[in-house]
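One-letter residues, chain by chain:
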Amino acid sequence: MNGNGENIVCVIYPERQPEIAMLDECEKLIRGFGMHIRTWNIPGCSGYGLMYDDRKILKVGREQFLIGPVIMYAGNDKNDEIISLDQSEIEMLLKKLEGREDLIAQEVRTLAAH
């Protein structure tokens, strides 16, 4: 997925407050994802997604937990380019994801099975 380096994204690290960043500030993180990079569309939020490293999924029995950093982004109409998030979108998405760790784990598990 392409994007202008000046586009605003939100980076979420485990056990830390979400951070607003420019896409180009995430270059090292994205390079670290390497060929293990995955994207996931946020349910009920067309045009918004999460980018993560599939090696950062902890499997405990049947449960799976995403334990690494996540980049939350907005995509254009074709969802092939990252565009900037604004403050209200970030707040809305964080609220939508709040307390939904189980849903994310289920969705990641579904994606991993394909």
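This text goes with the structure placed above it.
Rules used in this analysis
- Residues numbered from 1 in each chain as written.
- Predicted model: local features only at pLDDT ≥ 70, side-chain atom pairs only at ≥ 80, totals over all residues.
- Heavy atoms only, no water.
- Helix = DSSP H or I, 4+ residues; strand = E, 2+ residues; numbered from the N terminus.
- Buried < 20%, exposed > 50% of the residue type's maximum accessible area, 1.4 Å probe, protein only.
- Contact = heavy atoms within 4.5 Å.
- Salt bridge = Lys/Arg side-chain N within 4 Å of Asp/Glu carboxyl O.
- Arc of directions from axis to C-beta.
- Patch = residues over 30% accessible without salt bridge, like charges linked within 9 Å, V, L, I, M, F, W, Y side chains within 5 Å.
- Areas by Shrake-Rupley, 256 points an atom, 1.4 Å probe, with all protein chains shown as cover.
- Core = buried A, V, L, I, M, F, W, Y, C linked by side-chain atoms within 4.5 Å.

Undergrad: Which residues make up the side chain of Asn7, and what values go with them?
TA: Along the polypeptide, Asn7 turns up in the loop between strand E1 (2-3) and strand E2 (8-12). Judged by relative accessible area, Asn7 falls into the buried class, the value being 12%. Contacts of Asn7, omitting those with residues within four sequence positions, involve Ala21, Met22, Leu23, Ile82, Ile83 and Ser84.

Undergrad: Quick rundown of the pattern of salt bridges? Include the residues and the values.
TA: Following the criterion strictly, the structure yields four salt bridges and no others. Arg16 is the salt-bridge partner of Glu19, the closest N and O atoms lying 2.4 Å from each other.

Undergrad: Describe helix H2 (residues 87-97), with residues and values.
TA: Within H2 the residues assigned to the buried category are Glu89, Ile90, Leu93 and Leu97. Seen along its axis, H2 keeps its buried residues to an arc of 100°; they face one direction.

Undergrad: Outline unusual backbone geometry, listing residues and values.
TA: Positive phi, normally seen in glycine, also occurs at Glu15, with a value near 65°. Inspection of the secondary structure puts Glu15 in the loop between E2 and strand E3 (19-22). Glu15 gets classed as exposed once you look at its relative accessible area, which sits at 83%.

Undergrad: Break down a nonpolar patch on the surface for me, citing the residues and quoting the values.
TA: Together, Leu58, Val60, Phe65 and Ile67 give the surface a local cluster of nonpolar side chains, amounting to about 320 Å² of exposed area. Residue placement: Val60 occurs in strand E6 (residues 57-60).

Undergrad: Please set out the nonpolar core residue by residue, giving values where relevant.
TA: Ile42, Tyr48, Leu50, Met72, Leu85 and Leu93 are the most contacted members of the largest nonpolar core, which has 15 residues in total. Breaking this core down by element, the ones donating at least two residues are strand E5 (48-53), strand E8 (70-75) and H2. If we ignore the near neighbours within four places in the chain, the residues touching Leu85 are Ile8, Val9, Cys10, Tyr48, Met72, Tyr73, Ala74, Ile90 and Leu93. Grouped together as the second largest cluster of nonpolar side chains are eleven residues, Ala21, Phe33, Ile71 and Ile82 included.

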